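# Commentary on secondary and tertiary structure
Each chain, letter by letter, is given below.
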Amino acid sequence: MNNYKPIGNGFFEQPTLTLARNLLGCLLVKEMDEGIASGFIVETEAYCGPLDKAAHSFNNRRTKRTEVMFAEAGNVYTYLMHTHCLVNVVSGAVDTPEAVLIRAVEPYEGIDLMFERRGDTTMKNLTSGPGKLTKALGINMTDYGRRFDEPPIYIASGFTPNDISIGPRIGIPNSEEAKDYPWRFWVTGNAYVSR
DNA sequence: CAAGCGATCCTCT
DNA sequence: GAGGATCGCTTGA
């Protein structure tokens, strides 16, 4: 049942903004005892560490939570957002705290499993948000610090988006000028984009 | 120890 | 579809 191939580590070694764009269409896979759940990434946001007021790592703020952002590209950065868990791909060189937030995926494999985890909801609501997709795929804090290159969590190649849209990021109204940076990318017209 | 914070969900229209 | 209540961890004092 598992015939995905993790994407090479070299993939993560591109500039954060480029990586955010190239992650679109890739398959995000999580394997657990209950089975495999996967989905195509359709929405991402780039967070460029030191200069980005919206990033946890702004001004090189280094805490227990942001520690993994300073590690090498391809690491899994999960953080708890009040009630939800959000997942990021660490990018940039070591000591450069940058990351790409995965905001939405399109369900692919393990859809029954996702509904079990998400409860009674609609197909469109299953993974169309950063907190929803982590719950649907079973991603949680145990994945913090892992790498996106082998089970139980990894990224495989998927499809090539026909068209990509670019715009300002969501949910960071207190970040002054950083809130207008066009660092959000999504697959144009995809039904699972968060908004 | 208190406050702030964003995503989700619920209810109502 | 839109707006408001809720939820609980991290941070900084």
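Residues numbered from 1 in each chain as written. Chains lettered and ligands numbered in written order. Predicted model: local features only at pLDDT ≥ 70, side-chain atom pairs only at ≥ 80, totals over all residues. Heavy atoms only, no water.

So, on to the packing of aromatic side chains. The full count for this structure, using the stated rule, is 8 aromatic pairs. Both rings, one in Tyr4 and one in Tyr108, keep their centres 6.4 Å apart while their planes meet at 45°; by these two values the pair is tilted. With a gap of 104 residues between them, Tyr4 in the segment before α1 (16-22) and Tyr108 in strand β5 (residues 98-109) connect regions that are remote in the sequence. Note on Tyr77 and Tyr79: the rings are 5.4 Å apart at their centroids and 35° apart in plane angle, and the pair reads as tilted. (Phe/Tyr/Trp six-rings, centres within 6.5 Å; stacked < 30°, edge-to-face > 60°. Helix = DSSP H or I, 4+ residues; strand = E, 2+ residues; numbered from the N terminus.)

Turning our eyes to something else, we now look at the environment of Thr188. With respect to the element layout, Thr188 can be found in the segment after β9 (184-187). The exposure class assigned to Thr188 is partly exposed, which follows from its relative accessible area of 36%. Between the C-alpha atom of Thr188 and that of Glu34, which follows or precedes it by 154 residues, the distance is 33 Å. Those residues within four positions of Thr188 in sequence are excluded, and the remaining contacts are Asp163, Ile164 and Ser165. (Buried < 20%, exposed > 50% of the residue type's maximum accessible area, 1.4 Å probe, protein only. Contact = heavy atoms within 4.5 Å.)

For strand β4 (residues 84-91), a buried count of 7 out of 8 residues is recorded, marking the element as mostly surrounded by other parts of the structure. In this structure, the hairpin formed by strand β3 (residues 76-81) and β4 is closed by a connection of 2 residues, where His82 is found at a positive phi of approximately 55°. Where β4 and β5 come together, 4 bridges link them in antiparallel fashion. Bridge pairing in β5 places Val90 opposite Ala99. Here β4 folds back onto β5 in antiparallel fashion, the turn holding 6 residues, of which Gly92 has a positive phi close to 80°. (Pairing = 2+ DSSP bridges.)

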